[in-house]
Amino acid sequence: MTAQRWPMARVLVVEDEGRMATLLARGLGEEGYAVDVAVTGPEALSRATEHPYDAIVLDVMLPGASGVEVCRELRRRERWTPVVMVTARDAIWDRIAGLDSGADDYVVKPFAFSELAARVRALIRRGAREAAVLEVGTLRLDPVQRKVWRDGAEVALSRREFALLELMMRHAGEVLSRAAILEHVWGTSDHPRSNIVDQYIAYLRSKVDRGFGHRDIETLSGIGYRLRTPPPLPLPADGGA
Ligand code: CA
């Protein structure tokens, strides 16, 4: 049974294989969405730029431009419609590149339609991201363009340093254990260099903290690390100018 939705959410399906496109369009239509289909990268890009879709189901292998390129370009144009990337089986690189490009989720072919529908539903419920750029105090990080600024100045970070800072900014104010950092940034619970996390924290500190006269990356001895959140701004006084 289809839940009542008003106004009807609109989904763009980007898929060049005719049978698959028909299947997805029909299935999502039965879920209660208005569905459009695009069959090339450039067509997807122009449609998604012009129309405010609620979600995009984006195949990676497309004529004209890949799904990864389409997604990256959409984000560059500041179109934040949630994207579910559809990748080939075992193409792990695709998945990583897909998420790096600003996709919100992915499914791997072959997939059960119910799985895709559940992801589309979850993304529509969550809504478009207001902004992709993270801000904590005077630190800014753009996960799509992979850029970092401190006090307005761009800072060059290595890939690991970037991943570490992104993790800390997404969890600003929370204590992150060394084990949690290792798991998220290195994808392992067991690194041959036991002090690797501390080493990278030190690199990060010298690049985004000390170099700018800040001390926002805190060490909680024996527990882990925390990125300090700025104190709330003072409320403007009543009747102030
Ligand atoms: Ca394809």
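The next thing to look at is the packing of helix α7 (residues 178–186) against helix α8 (residues 196–209). Orientation of α7 relative to α8, taken along the N-to-C sense of each, is 80°, at an axis distance of 10 Å. On the basis of their axis angle, the class for α7 and α8 is roughly perpendicular. Between α7 and α8, the residues in contact are Arg178, Ile181, Leu182 and Trp186 and Ile196, Val197, Asp198 and Tyr200, respectively. Residue composition of the contact of α7 with α8, by class: six nonpolar, no polar and two charged.

Below, the discussion takes up the pattern of salt bridges. For the structure on display, the rule yields 21 salt bridges. Of the charged contacts, one joins Glu17 and Lys109 as a salt bridge, the two residues approaching to 3.5 Å between their closest N and O atoms. One end of the pair, Glu17, is in the loop between β1 (10–14) and α1 (18–30); the other, Lys109, is in the loop between β5 (105–108) and α5 (113–126), and 92 residues separate them in sequence. Assessed through its relative accessible area of 40%, Glu17 is described here as partly exposed. Between Arg150 and Asp216 there is a salt bridge whose closest N-O contact spans 3.1 Å. Placement of Arg150 in strand β8 (residues 147–150) and of Asp216 in the loop between α8 and β11 (217–220) is noted, with a sequence separation of 66 residues between them. Asp216 carries the same exposure label as Arg150, and that label is buried. Residues participating in the shared-partner salt-bridge network are Arg150, Asp209, Asp216, Glu218, Arg226 and Arg228.

Attention now moves to the packing of aromatic side chains. Think of a pair of aromatic rings as described by two things: how far the centres are apart, and how the planes are tilted against each other in angle. If you walk through the whole model with that rule in mind, you get two aromatic pairs. For the ring pair Trp186 and Tyr200, a centre distance of 5.2 Å and an interplane angle of 75° mean the geometry is edge-to-face. Of this pair, Trp186 sits in helix α7 while Tyr200 sits in helix α8, and the two are 14 residues apart along the sequence. Take Trp186 and Tyr200: they sit in the same class, and that class is buried. Judged by centre distance (5.0 Å) and plane angle (75°), the rings of Tyr200 and Tyr203 are edge-to-face. Of this pair, Tyr200 and Tyr203 both sit in helix α8, separated by three residues, roughly a single helical turn.

Criteria and cut-off values
- Residues numbered from 1 in each chain as written.
- Predicted model: local features only at pLDDT ≥ 70, side-chain atom pairs only at ≥ 80, totals over all residues.
- Heavy atoms only, no water.
- Axes fitted to C-alpha atoms, helices over the stretch in contact; angles between N-to-C directions.
- Helix = DSSP H or I, 4+ residues; strand = E, 2+ residues; numbered from the N terminus.
- Parallel < 35°, antiparallel > 145°, perpendicular 65-115°, else oblique.
- Contact = heavy atoms within 4.5 Å.
- Nonpolar A, V, L, I, M, F, W, Y, C, P; charged D, E, K, R; others polar.
- Salt bridge = Lys/Arg side-chain N within 4 Å of Asp/Glu carboxyl O.
- Buried < 20%, exposed > 50% of the residue type's maximum accessible area, 1.4 Å probe, protein only.
- Phe/Tyr/Trp six-rings, centres within 6.5 Å; stacked < 30°, edge-to-face > 60°.

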